[in-house]
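# Examining the three-dimensional arrangement
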Amino acid sequence: MWKIITEALPQLIVAGLKYTIPIAVISFIIGLALALVVALTRISTKRGAFNILRWIAGFYVWLFRSTPLLVQLFIVYFGLPYLIIPGLAPTGIKLDPYTAGIITFSLNTGAYCAETVRAALLSVPEGQWEAAYAIGMNRSLVLRRIIIPQALRTALPPLSNSFIGLVKDTSLAASITIVEMFEVSQQIAAANYQPLLMYSLVALIYAVFCTVLSWLQKWLENKSSAYLQTTQGGAHS
Amino acid sequence: MISVENLTKSFGDNVVLDHISTAFPAEETTVILGPSGSGKSTFLRSLNLLERPESGVLHLEDLTIDYAQPISSKTTLAARQVTEMVFQSFNLFPHLTVLKNIIEGPVHVLKTPKADAEKEARELLQQVGLADKADSYPAQLSGGQAQRVAIARSLAMHPRYILLDEPTSALDPELELEVLKVLLKIHDENQSMIIVTHNMSFAKQVANKILFLEHGKMRYDGPTAGFFNSDDARIQAFLASMTFTL
Ligand SMILES: Nc1ncnc2c1ncn2[C@@H]1O[C@H](COP(=O)(O)OP(=O)(O)O)[C@@H](O)[C@H]1O
Ligand SMILES: [Mg+2]
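Keep in mind that what you see is a predicted model, and the values were worked out from it rather than measured. (Residues numbered from 1 in each chain as written. Chains lettered and ligands numbered in written order. Predicted model: local features only at pLDDT ≥ 70, side-chain atom pairs only at ≥ 80, totals over all residues. Heavy atoms only, no water.)

## A word on the overall build of chain A
Across its full length, chain A carries eight helices and zero strands. Reading the helices (α) and strands (β) of chain A from amino to carboxyl end gives α-α-α-α-α-α-α-α. Burial status across chain A gives 43% buried among its 237 residues. Counting every atom, chain A has about 12600 Å² of accessible surface; 70% of that belongs to carbon and sulfur. (Helix = DSSP H or I, 4+ residues; strand = E, 2+ residues; numbered from the N terminus. Buried < 20%, exposed > 50% of the residue type's maximum accessible area, 1.4 Å probe, protein only. Areas by Shrake-Rupley, 256 points an atom, 1.4 Å probe, with all protein chains shown as cover.)

Structure below.
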């Protein structure tokens, strides 16, 4: 049994470091940028064209949060080649699996993070807006200098949870032919007829990845909320 | 000088400011008094456009704002350069150190070079007795210290007027005293101020002029001595309610 494990382990870890983690990291960065734009659109109070933008942003969040991620992956990878747009895409939209995966994961995690970021933006007390306006800042400066920095600190724990969730969800990419860590474990299991051992092993590696990430999350949280510590060492609420 | 003509503001059918007209002389301290809910905060906030009355005219130095007309964001920003606001709940930026709280406006709004802004911020901290707190975060300060930082933050913008809305109402008496001392010092340096307060002895000492609001109406607009010696029954009743007598 040790021989099987020592043979499989390096292949799994390599697939994890080469595909699982990069796909998760890239998708999360894109998703987070998207989330910020969507959240800012949704909390804006501008009228006119912004009414439509707000509606689109709300529709996007609703759509991606109320359909399964696996189905979204299938639509983007297997479905879009059949979407024929005369002029733009006369032969359908064919994406390679990695592009399709990253697009779908970004859109999906972006929708969840948008709600997190929106709630965090709204949780910054009204007095912070007023104090910033009173020193003569315009809205975009208030957001950039005062509101967003505080909101991101508030949003850090739920955003970290979303990221850890995304790392595990990348295993779904196996279904659109991406050879990430879980797909590799399936291939090895098919070859050595040890599904219980192989799937347990891959589960363990996911657990190790996620544990390391949650340590990182703790460390980041402590670092980013240091400003809330009183001299007595207790945390202010 | 700041002056207003016929400021009127309602929340629903609750008339909070009812045709208020007055002037705030420069280099003097005007104190606004009145029972809770009489419209003092709404009035003060109308002077820096945090509140928008439905009608009335606001003169801020040579800037004129007609509240009945749409106000451009450019005008709003220009108007807010004339005044600075000190809030009852301090509203320091919790993610920035004391020093960064003070230089935030000068650096990012006035575009003062950072080194100059920091130098002045340290002088201001000295002035409010907090030179050693430059690198502390707001959560590490007492209420009295936080409010003194907020005062330094407002002074750093070189406003013509500082507006203070019950600056000591959230403080214990001994902390209140350290803030009032700082305000007295600023007053003695001829900084123009408009203060809402419930502290009558402070009002008596610092005010060059008293405004008394009741149900959104201006009941008194005149010199300090005249207010405290008024024979108006309403004013006497208000003063009696603010003084603890056995
Ligand atoms: N945002 C608001 N919405 C509705 N009513 C308000 C609002 N702000 C103040 N008011 C009302 O306006 C009146 C005056 O309030 P305020 O200016 O805060 O008085 P003061 O500062 O003298 O206590 C009160 O009746 C208060 O309930
Ligand atoms: Mg008030």
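## Focus: the site of ligand 1
Residues and elements named next belong to chain B. All residues in the neighbourhood of ligand 1 are listed as Phe11, Asn14, Val16, Pro35, Ser36, Gly37, Ser38, Gly39, Lys40, Ser41 and Thr42. Within the backbone of Gly39, one N or O atom sits 3.1 Å away from an oxygen atom of ligand 1. Here ligand 1, which alone exposes 560 Å², has 58% of that area covered by the protein. Broken down by secondary-structure element, the contributors of at least two residues to the shell around ligand 1 are strand E2 (14-24) and helix H1 (40-46). In terms of residue count, H1 provides more of the shell around ligand 1 than any other element does, three residues in total. (Near = heavy atom within 4 Å. Polar contact = N/O pair within 3.5 Å; in protein donor to acceptor, adjacent residues only side chain to side chain.)

## Observations regarding the interface of chain A and chain B
With 23 residues of chain A in contact, the opposing surface of chain B contributes 24 residues. Between chain A and chain B lies a buried interface of about 2100 Å² when both sides are counted; carbon and sulfur atoms form 62% of it. Across the chain A-chain B interface, the total number found is two salt bridges. Taken together, the links from chain A to chain B amount to seven residue pairs in polar contact (both at pLDDT 80 or more). Of all the secondary structure elements, the ones that give two or more residues to the side of chain A that touches chain B are helix H5 (126-134) and helix H6 (139-169) of chain A. Top element by residues in the side of chain A that touches chain B is H5(A). It accounts for seven residues. (Contact = heavy atoms within 4.5 Å. Buried area = accessible area lost by both parts, 1.4 Å probe. Salt bridge = Lys/Arg side-chain N within 4 Å of Asp/Glu carboxyl O.)

## Thoughts on the UniProt feature "domain: ABC transmembrane type-1" (unreviewed entry) in chain A
The residues that UniProt annotates with the feature "domain: ABC transmembrane type-1" (unreviewed entry) are residues 17-214 of chain A. As annotated, residues 17-214 of chain A has a helix share of 78% and a strand share of 0%, and its two end C-alpha atoms lie 17 Å apart. (UniProt positions renumbered as here; feature names shortened; annotations may be inferred.)

## Looking at the pattern of salt bridges
Under the definition given, this model contains 13 salt bridges over all chains. Taking the shortest distance from any N to any O, the salt bridge between B:Glu61 and B:Arg160 comes out at 3.6 Å. Residue B:Glu61 is found in the loop between strand E4 (55-60) and strand E5 (63-66), and its partner B:Arg160 is found in the loop between helix H5 (143-155) and strand E7 (161-165); the two are separated by 99 residues along the sequence. Looking at B:Glu61, the relative accessible area reads 26%, which means it is partly exposed. Classification of B:Arg160 as partly exposed rests on a relative accessible area of 45%. B:Asp221 is the partner of B:Lys209 in a salt bridge, and the nearest nitrogen-oxygen pair spans 3.1 Å. Of the two residues, B:Lys209 is situated in strand E9 (residues 209-214) and B:Asp221 in strand E10 (residues 217-222); the sequence distance between them amounts to 12 residues. One network of salt bridges, with partners in common, ties together A:Arg42, A:Glu115 and A:Arg118.

## Re the nonpolar core
One finds B:Phe43, B:Leu47 and B:Leu58 to be the most contacted residues of the largest nonpolar core, which totals 80 residues. No other element matches the 13 residues that H6(A) contributes to this core. Of the domains in this structure, domain 1 (1-82 + 160-217 + 234-246) and domain 2 (92-158) of chain B are the two that each give at least three residues to this core. The residues contacting B:Leu58, other than those within four sequence positions of it, are B:Ile2, B:Ser3, B:Val4, B:Ser46, B:Leu47, B:Leu49, B:Leu63, B:Thr64, B:Ile65 and B:Tyr67. Counting 49 residues, the second largest nonpolar core, distinct from the first, contains B:Leu164, B:Val179, B:Phe202 and B:Phe212. (Core = buried A, V, L, I, M, F, W, Y, C linked by side-chain atoms within 4.5 Å. Domains from an automatic or database assignment.)

## A few points about the packing of H5(B) against helix H6 (residues 173-188) of chain B
Residues and elements named next belong to chain B. Where H5 contacts H6, the two axes come as close as 8 Å, and the packing angle between them is 20 degrees. Classified by the angle between their axes, H5 and H6 sit roughly parallel to one another. The crossing of H5 and H6 is right-handed. Facing H5, whose interface residues are Gly143, Gly144, Gln145, Gln147, Arg148, Ile151 and Leu155, H6 presents Leu175, Glu178, Val179, Val182, Leu183 and Ile186. Partitioning the contact of H5 with H6 into residue classes produces seven nonpolar, four polar and two charged. (Axes fitted to C-alpha atoms, helices over the stretch in contact; angles between N-to-C directions. Parallel < 35°, antiparallel > 145°, perpendicular 65-115°, else oblique. Left-handed = near helix turned anticlockwise from the far one by under 90°. Nonpolar A, V, L, I, M, F, W, Y, C, P; charged D, E, K, R; others polar.)

## Description of the UniProt feature "transmembrane region" (unreviewed entry) in chain A
Residue and element names in this part refer to chain A. UniProt annotation of "transmembrane region" (unreviewed entry) refers to residues 19-40, 52-80 and 196-216 when read in the numbering used here. Regarding residues 19-40, the helix share stands at 100% and the strand share at 0%, and the terminal C-alpha atoms are separated by 31 Å. End C-alpha atoms of residues 52-80 are separated by 26 Å, and the span's content is 86% helix alongside 0% strand.

## Points about the environment of B:Phe227
All names here are of chain B. Mapped onto the secondary structure, Phe227 falls in helix H8 (residues 224-228). Here Phe227 falls in the buried class, since its relative accessible area comes to 0%. Considered as a pair, Phe227 and Leu211 are 16 residues apart in the sequence and their alpha carbons are 8.8 Å apart.

## Some words on the side chain of B:Glu214
Along the chain, the position of B:Glu214 falls in strand E9. Setting aside its immediate chain neighbours within four residues, B:Glu214 contacts B:Pro35, B:Ser38, B:Arg219 and B:Arg234.

## A word on the layout of surface pockets
Space inside the second largest pocket adds up to approximately 510 Å³. In terms of lining, the second largest pocket is formed by 19 residues, of which the most central are A:Lys46, A:Tyr133, A:Asn138, A:Arg139 and A:Ser140. Going through the elements one at a time, helix H1 (2-43) and H6 of chain A together with helix H2 (73-82) of chain B are the ones with two or more residues in the lining of the second largest pocket. A per-element tally of the lining of the second largest pocket places H6(A) first, with five residues. Its residues assigned to classes, the lining of the second largest pocket comprises seven nonpolar, seven polar and five charged. (1 Å grid on protein atoms, 1.4 Å probe; cavity = no way out; pocket = protein on both sides within 12 Å on 5 of 7 lines; lining within 4 Å. Points joined across faces, edges and corners; volume = space filled by probe spheres on them.)

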